[in-house]
Amino acid sequence: MSDTGTSKAQDLTAAQHQISPGLAIGWRCPMCALHRSTIVGLTGLPINVVSGRVNELKSSGYLQHGPTRRCRITGRTIHPVKRPETEVA
């Protein structure tokens, strides 16, 4: 892991660490995006907790908006989140 990634992970609060196991399990590739309901299923936390932590992580730069897409179940537009794109040296 790069120094930047390590320092960002160390800057997370205890509350933000609640959803990090779900994020680690859910991302199989660096460019994958997860919906909040997927994170809820992976962590077992209520949606209000996940939404709050995701919003905090987005504002701190740890997560960013992913491409919008249609939900396979409801057909509604969803707004997933993903890890920020990093430059490869």
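The paragraphs below set out a description of the structure included in this document.

Procedures and definitions
- Residues numbered from 1 in each chain as written.
- Predicted model: local features only at pLDDT ≥ 70, side-chain atom pairs only at ≥ 80, totals over all residues.
- Heavy atoms only, no water.
- Helix = DSSP H or I, 4+ residues; strand = E, 2+ residues; numbered from the N terminus.
- Buried < 20%, exposed > 50% of the residue type's maximum accessible area, 1.4 Å probe, protein only.
- Contact = heavy atoms within 4.5 Å.
- Areas by Shrake-Rupley, 256 points an atom, 1.4 Å probe, with all protein chains shown as cover.
- Axes fitted to C-alpha atoms, helices over the stretch in contact; angles between N-to-C directions.
- Left-handed = near helix turned anticlockwise from the far one by under 90°.
- Nonpolar A, V, L, I, M, F, W, Y, C, P; charged D, E, K, R; others polar.
- Core = buried A, V, L, I, M, F, W, Y, C linked by side-chain atoms within 4.5 Å.
- Salt bridge = Lys/Arg side-chain N within 4 Å of Asp/Glu carboxyl O.
- Pairing = 2+ DSSP bridges.

As a further point, take the overall build of the protein chain. Each helix and strand in the protein chain was counted, giving five helices and five strands. Each helix and strand of the protein chain, placed in order from N terminus to C terminus, yields the pattern α-α-α-β-α-α-β-β-β-β. For the protein chain, the proportion of its 89 residues judged to be buried stands at 26%. Taking the contacts inside the protein chain whose residues are at least 6 apart along the sequence as the reference set, 44% of them involve residues at least 24 apart. Accessible surface for the protein chain amounts to roughly 5900 Å². Of this, 55% is attributable to carbon and sulfur atoms.

Let's shift gears to the packing of helix α4 (residues 36-43) against helix α5 (residues 47-59). Between α4 and α5, the least distance of the axes is 9 Å, while the angle of their chain directions is 115°. The two elements α4 and α5 cross, and the hand of that crossing is right-handed. Along the contact surface, α4 presents R36, S37, I39, V40 and T43, while α5 presents I47, V50, S51, V54, N55 and K58. Looking at the contact of α4 with α5, its residues break down into five nonpolar, four polar and two charged.

Turning our attention to the nonpolar core. Counting nine residues, the largest nonpolar core consists of L34, I39, L45, V49, V50, V54, L57, L63 and V81. In terms of residue count, α5 provides more of this core than any other element does, four residues in total.

Now for the pattern of salt bridges. As enumerated under the stated definition, the model contains one salt bridge in all. Of the charged contacts in the structure, one is a salt bridge between E56 and R53, with a shortest N-O distance of 3.2 Å. On the criterion of helical spacing, the pair formed by E56 and R53 is a turn pair, its members being three residues apart in helix α5.

On to the environment of N48, then. As for its position among the elements, N48 is in helix α5. Considering only alpha carbons, one finds N48 and R36, 12 residues apart in sequence, at a separation of 9.7 Å.

With that settled, the discussion passes to the sheet that holds strand β5 (residues 81-82). Read from one edge of the open sheet, three strands run β1-β5-β2, paired in antiparallel fashion. Both edges of this open sheet fall to β1 (33-34) and β2 (64-65), since each of them pairs with a single strand only. Sheet topology places β1 next to β5; two bridges connect them, and they run antiparallel. Paired with L34 across the bridge in β5 is V81.

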